[in-house]
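Structural features, examined
Spelled out, the chains give:
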Amino acid sequence: MGNKPSAVESCLISAVGNDKGLIAAQSTIGYQLSHVKPYNLDIPVKPTAVAYPKTSEQVAAIVKCAVDNSLKVQPRGGGHSYANYGIGGEDGSIVVDLKNFQQFSMDKITWQATIGGGTLLDNVTKRLHENGKRAMAHGTCPQVGIGGHATIGGLGPSSRMWGSALDHVQEVEVVLANSSVVRASKDQNADVFWAMKGAGAGFGIITEFKVRTQAEPDQTTLYSYGIQAGSANDKATAFKKWQKLISDPDLSRKFASQFIMTELGVVVTGTFFGPQSEFDSLNISSRLPDADESVVVLDDWLGVVGHWAEDLALELAGDIQSNFYAKSLAYTKDDLIPDAGVDELFEYIDSTDKGTLAWFLIWDLEGGAINDVAPDATAYGHRDALFYHQVYAVNLFGRIDDTIRDFVTGLNKVVTDALGHDLGAYAGYVDRALGDDGASKYWGENLERLQQIKAVVDPGDVFHNPQSVRPKA
C-alpha cells in the first residue's frame, strides 16, 4: 500500500483495528495476483480493495466504509464464482474475504455444527468427521467455500438423500447493509434467513453457519461405466438409457449419478450410499450400454469425498484460474429430452467446431430430498429440478473466442429447441451472458419476494454484483 492511503483505504484500515495487513488496495504490490485472484481470467475485474476481517464487527465496519463512500460490497469465500462475482463482477467493489472465519464446534447432543463463514468444503468435511463422524451434503470441489455454496444451493452427490447444502442451514450470523450484525433463522429475522438460503450474495455477509449434520454412511459404493461409444449415434443411445434410468420415480435416493462427456469419450459415474450388495440389486449395468465397469467399496468417508475431488471435470474446472465459459440448464421431470432431440444434440456435439479440446458436458442427477422442500420455503429457485447440465469450455491459450462461445451457447439452444421451451439455470454456475434475465432464471417465482425483502434490508443495493437481486421499486 502506498505511503498516503486514500480516504477509502484509511476508513478500511480503521475498520480492522488499524491492522494494515488486513487491507489490500490497488496500490498494494501484487494486488491482482495475490489478493484479487480472479477465478475466470476471461472476465477482468479490479476491486477498489480486498479486506480480510477477523470479526463480525470488523465486517460491519467495512460495510459502513463502503456505504459512506458509495461503493458496492461482495463477500468472498473460496473465490470460485464463474463470473468473478466474489470480487464484485465489475470494477470498484469492496471485497470482504472471509478466510479468517474458521470457527468450528459441534453440539454432540443435537449434532448441530457451528461453521465459520470462510471455511472451505475440504475443511468442512474433515472437521465434521473429526467431531463425531458427521457429514452434510455439499459439492465435490474441496476448495469451494461454504459461504457462497450454502447460500446459492450447494448440490452434491449426497443431496438426493440429505437435501442441498442450504437445506442443512438452521441459523446464520449475518452482517446487513446497515452494518448491523444479526442472527437469522426461521424464528428470528425470518425474511433475511429465507433470502440468504438461495440468494445470499445480494443480502448480506454470513460470518457463521449453524447446520444440521448426518451420520456418515457406513459403506459407500463408487461406480464408473466407461461407455464404448465412438459415433454420435452410440453416444446418443447411451444418454437415452441414462436419462431413462435417472427418471425412474422409484430410483433409490442413495443413488447419485453423472453422465459426463469430454473429448475423450463418455462415462457414467457416481456414488451409491450403501453396500455393494444393495447397489448390485439395482442392476444398473443392465440398464446402460455395454461398458467397462469399475466398482469400489469404501468404508472410509474421507476417502469417498477425496475420490469425488479426483473427478475428471474438476481437473479442468477445480481450483485453477483459467479463461473459460460455461452455461447450465435445469431439467424437471417434464423436461426429458425427446429421442429426436437427443440425436440432434449429439450430432451437434460431434460435428461442431468447439474451438478447444478442453471442454466437458455433465448431466447431474438431483431430485430426491431436494424436491421434498416446498418451492417457496427458501429462495432457492429449482425445487422441481430432477437433473442439471453444465457445459464448460476452457481456452488454454488466451481469451474465450467466438468459436468457443458459439459452441457452448448453441448446445443449450439445441436442448431448449428440442423441448420447445426455455429452462432455468443454476446460480452456482452463474452465467453473465444471461444478463438481466439471469435473476428470473436463477430464482424463478421466488424473485418477486426476494426483490421485496431487498427493498427493506438493502434498499441502496450495497450487496451488489451484475446479476444479484435488485430492490423492488
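What you see is a predicted model, and the numbers here were worked out from it, not measured in a lab. (Residues numbered from 1 in each chain as written. Predicted model: local features only at pLDDT ≥ 70, side-chain atom pairs only at ≥ 80, totals over all residues. Heavy atoms only, no water.)

**Overview of the pairing of strand β9 (residues 181-184)**
With burial as the criterion, only one face of β9 is covered, namely that bearing Val182 and Ala184; the residues Val181 and Arg183 on the opposite face remain uncovered. In the sheet, strand β8 (residues 169-175) pairs with β9 via four bridges, with the strands oriented antiparallel. Bridging across to β9, valine 175 finds its partner in valine 181. Connecting β8 to the next strand, β9, in antiparallel fashion are five residues, including serine 179 with a positive phi near 70°. (Buried < 20%, exposed > 50% of the residue type's maximum accessible area, 1.4 Å probe, protein only. Helix = DSSP H or I, 4+ residues; strand = E, 2+ residues; numbered from the N terminus. Pairing = 2+ DSSP bridges.)

**Quick word on the UniProt feature "domain: FAD-binding PCMH-type" (unreviewed entry) in the chain**
In the numbering adopted here, UniProt assigns the feature "domain: FAD-binding PCMH-type" (unreviewed entry) to residues 43-216. The distance from the first to the last C-alpha atom of residues 43-216 is 39 Å, and the span holds 28% helix and 25% strand. (UniProt positions renumbered as here; feature names shortened; annotations may be inferred.)

**Some details on the packing of helix α13 (residues 339-351) against helix α15 (residues 402-419)**
Running from amino to carboxyl end, α13 crosses α15 at an angle of 170°, the nearest separation of the two axes being 9 Å. Comparing their axes, α15 and α13 come out roughly antiparallel. Taken together, the residues of α15 that come into contact with α13 (itself represented by Gly341, Glu344, Leu345, Tyr348 and Ile349) are Asp406, Phe407, Gly410, Leu411, Val414, Val415 and Ala418. Among the residues making up the contact of α13 with α15, the classes are represented as eight nonpolar, two polar and two charged. (Axes fitted to C-alpha atoms, helices over the stretch in contact; angles between N-to-C directions. Parallel < 35°, antiparallel > 145°, perpendicular 65-115°, else oblique. Contact = heavy atoms within 4.5 Å. Nonpolar A, V, L, I, M, F, W, Y, C, P; charged D, E, K, R; others polar.)

**Observations regarding the pattern of salt bridges**
Across all of its chains, the model carries 22 salt bridges by this definition. As a salt-bridge pair, arginine 449 and aspartate 191 come within 2.8 Å of each other at their nearest N and O atoms. Residue arginine 449 is found in helix α17 (residues 447-457), and its partner aspartate 191 is found in helix α8 (residues 190-199); the two are separated by 258 residues along the sequence. For arginine 449, a relative accessible area of 32% gives the class partly exposed. (Salt bridge = Lys/Arg side-chain N within 4 Å of Asp/Glu carboxyl O.)

**As for the pairing of strand β4 (residues 94-97)**
Along β4, one buried face is formed by Ile94 and Val96 and the opposite face, lined by Val95 and Asp97, is buried too. As paired elements, strand β2 (residues 49-51) and β4 share three bridges and run parallel to each other. Looking at the pairing, valine 50 lines up with valine 95 of β4. Note that strand β3 (residues 73-76) and β4 share four bridges and pair parallel. Each residue of the ladder has a partner; that of glutamine 74, found in β4, is valine 95.

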